[in-house]
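Commentary on secondary and tertiary structure
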Amino acid sequence: MSQRKGLENHTVGSGFILLGFSDHSSLQGLCFAVLLVVYLVVLTGNSLIALITVVDSSLHSPMYFFLRNLSFLEVCYTSVTLPKMLVGFLMEDGRISFLGCAAQLYFLVLLGSIECLLLAAMAYDRYTAICDPLHYSLIMSRGLCIRLVVGSWIAVVPVQVAQTYQVFTLPFCASHDLHHFFCDVPPLLELACADTFWHQVILVFVILPFSLIVISYIQIIRAILKIPSALGRHKTFFTCSSHLRVVMLFYGSATVTYLKQRSRDSVDADKYLALLYTVVTPTFNPVIYSLRNKEVRIALRRLLRTK
């Protein structure tokens with residue numbers, strides 16, 4: 001039976017069943033092949049971006065320091081979900097242990113939250129470069145960049161420990177079947193038979209870094225509009241266009257997934273939407289930053305020539 005009724009509460013040994021895999025029983029092989037290719041693309045693309053920002057001295061600037069950390073996060077982020085998804089499609093088995101689900105959820109929200117803060121730091125970097133270029137080197141020192149990245153980890157780790165603990169101390173009623181490809185907060189809260197309002201409030205903390213990004217870009221747009229020439233405005237905006245695309249792709253899908261009202265009719269759409277920010281965004285980030293950035297393309301060609 002796909003539904004296991006009568007479970008009054010959860011136990012560590014019971015675990016969960018990820019039903020996202022059972023919906024594609026006739027396409028298991030195809031799904032496995034596609035996800036494997038995507039995972040390899042994510043690993044290769046983001047690793048290359050991280051590598052060239054380390055070995056190429058022309059990319060030793062604050063913007064590329066943050067990009068390197070973003071690429072590292074994307075590799076870790078996809079590694080939390082994709083390997084388990086690959087095993088699920090290959091073995092046609094969606095079972096996951098209680099502790100395995102808790103670990104997957106913790107690292108998923110941890111890395112996703114850090115990415116939110118990192119994107120905010122990158123927006124501040126672009127704001128400083130465009131709105132206060134004369135003091136850019138002084139403000140965006142290496143020490144500040146390191147503090148922003150380390151501070152993101154320090155701020156998020158305890159918050160997500162608390163959130164994961166609170167989610168998994170809820171009583172799960174009637175079924176341990178998750179209509180999803182991986183353990184995520186919204187489908188887990190749907191199984192809870194207790195008030196989950198507080199846990200949903202915790203999710204809203206992503207609004208803070210997003211608000212900082214919006215404020216930064218409002219100031220950036222104001223500064224750009226003051227540039228007299230159209231060519232100057234275009235060149236200036238081009239320096240932050242890649243970051244803006246990544247923000248729109250990541251926040252657009254994540255915000256809809258976490259903050260919209262879920263219903264039974266939207267279960268299928270929700271789980272595919274979740275793939276957008278956990279799989280598609282990490283896949284396209286290297287493409288966005290390499291194809292739209294001349295410095296990265298030159299550094300990449302220089303690296304490949306030395307091989």
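None of these values were measured; they are calculated from a predicted model. (Residues numbered from 1 in each chain as written. Predicted model: local features only at pLDDT ≥ 70, side-chain atom pairs only at ≥ 80, totals over all residues. Heavy atoms only, no water.)

Summing up its helical and strand segments, the chain has 11 helices and 3 strands in all. The secondary structure elements of the chain, listed N-terminal to C-terminal, are β-α-α-β-α-α-α-β-α-α-α-α-α-α. Residues classed as buried in the chain amount to 48% of the 307 residues present. When contacts within the chain are restricted to residue pairs at least 6 apart in sequence, those whose partners lie at least 24 apart make up 80%. (Helix = DSSP H or I, 4+ residues; strand = E, 2+ residues; numbered from the N terminus. Buried < 20%, exposed > 50% of the residue type's maximum accessible area, 1.4 Å probe, protein only. Contact = heavy atoms within 4.5 Å.)

Our focus in this paragraph is helix H5 (residues 142–168). Over its 27 residues, H5 extends 39 Å from the first C-alpha to the last, a length consistent with the 39 Å expected when each residue adds 1.5 Å. Of all the bends in H5, the largest measures some 25° and sits at Val156, one to four residues before the proline Pro158. Every buried residue of H5 is accounted for by Leu144, Cys145, Val149, Ser152, Val156, Gln160, Gln163, Thr164, Val167 and Phe168. (Expected span 1.5 Å × (residues − 1). Bend = angle between axes of the 7 residues up to and from the residue.)

Per the stated rule, a full pass over the model turns up 2 salt bridges. Of the charged contacts, one joins Asp56 and Arg302 as a salt bridge, the two residues approaching to 2.4 Å between their closest N and O atoms. Taken together, the residues Asp56 in the loop between helix H1 (28–55) and helix H2 (62–91) and Arg302 in helix H11 (residues 294–306) connect sequence positions 246 residues apart. Note on Asp56: relative accessible area 8%, which makes it buried. The shortest N-O distance in the salt bridge between Asp125 and Arg126 comes to 2.9 Å. Of the two residues examined, Asp125 and Arg126, each falls in the buried class. (Salt bridge = Lys/Arg side-chain N within 4 Å of Asp/Glu carboxyl O.)

The pLDDT averaged across the chain works out to 82; a share of 84% of its residues lies at or above 70. For the chain, helix H7 (residues 197–203) is the element with the lowest average pLDDT, namely 54, and helix H4 (residues 136–139) is the one with the highest, namely 93. Low pLDDT (under 50) marks residues 1–13, which in the prediction has 34 contacts with non-local residues, meaning those over four places away or in another chain. (pLDDT = per-residue confidence, 0-100.)

This paragraph deals with H1. For H1, built from 28 residues, the straight-helix expectation of 40 Å at 1.5 Å per residue is met to within 8% by its first-to-last C-alpha distance of 40 Å. Looking only at H1, the buried set comprises Gln28, Cys31, Leu35, Val38, Tyr39, Val42, Gly45, Asn46, Ile49, Ala50, Ile52 and Thr53.

Moving on to the sheet that holds strand E1 (residues 16–18). Spatially, 3 strands are ordered E2-E1-E3 in an open sheet, and the strand pairing comes out mixed. Two strands in the sheet have a free side with no partner beyond their single neighbour: strand E2 (95–96) and strand E3 (177–178). As defined by bridge partners, E1 adjoins E3 across 2 bridges and the pair is classed as parallel. When the bridges of E3 are listed, Ile17 appears paired with Asp177. (Pairing = 2+ DSSP bridges.)

A contiguous nonpolar patch, built from Phe72, Trp153, Val157 and Val161 and spanning about 320 Å² of accessible area, is present on the exposed surface. Residue contributions to the nonpolar patch peak at 3 residues, all from H5. Examined against the element boundaries, Val157 turns out to sit in helix H5. (Patch = residues over 30% accessible without salt bridge, like charges linked within 9 Å, V, L, I, M, F, W, Y side chains within 5 Å. Areas by Shrake-Rupley, 256 points an atom, 1.4 Å probe, with all protein chains shown as cover.)

A surface patch of positive charge is lined by Lys294, Arg297, Arg301 and Arg305. Considering the arrangement of structural elements, one finds Lys294 in helix H11. (Lys, Arg positive; Asp, Glu negative; His and termini not counted. Charge placed at Lys NZ, Arg CZ, Asp CG, Glu CD.)

Moving on, we come to the state of the cysteines. All told, the structure shown has 1 disulfide when counted by the stated rule. Here Cys101 is linked by a disulfide to Cys183, with a sulfur-sulfur distance of 2.0 Å. Residues Cys101 and Cys183 are joined through a disulfide that is left-handed, its torsion about the S-S bond being -125°. With a gap of 82 residues between them, Cys101 in helix H3 (residues 98–131) and Cys183 in the loop between E3 and helix H6 (185–191) connect regions that are remote in the sequence. Residues Cys101 and Cys183 agree in their burial class; the two are buried. You can see Cys131 has no disulfide; the closest cysteine sulfur is in Cys240, sitting 9.4 Å from it. (Disulfide = S-S within 2.5 Å.)

So, on to the nonpolar core. Core analysis: the largest hydrophobic core is formed by 63 residues, its most contacted members being Phe66, Leu119 and Ile213. At the level of elements, H1, H2, H3, H5, helix H8 (207–225), helix H9 (230–259), helix H10 (267–291) and H11 are the ones that each hand at least two residues to this core. Discounting chain neighbours no more than four positions away, the residues touching Phe66 are Leu118, Ala121, Met122, Asp125, Met140, Cys145, Leu148 and Val149. Counting residues in each nonpolar core, the second largest holds 19 residues, with Ile96, Phe168, Leu170 and Leu178 among its members. (Core = buried A, V, L, I, M, F, W, Y, C linked by side-chain atoms within 4.5 Å.)

Contact pair H3 / H5: the axes reach a minimum separation of 8 Å and the direction vectors enclose 145°. Two packed elements cross with a definite hand, and for H3 against H5 that hand is right-handed. Taken together, the residues that form the contact of H3 with H5 break down as 22 nonpolar, 5 polar and no charged. (Axes fitted to C-alpha atoms, helices over the stretch in contact; angles between N-to-C directions. Left-handed = near helix turned anticlockwise from the far one by under 90°. Nonpolar A, V, L, I, M, F, W, Y, C, P; charged D, E, K, R; others polar.)

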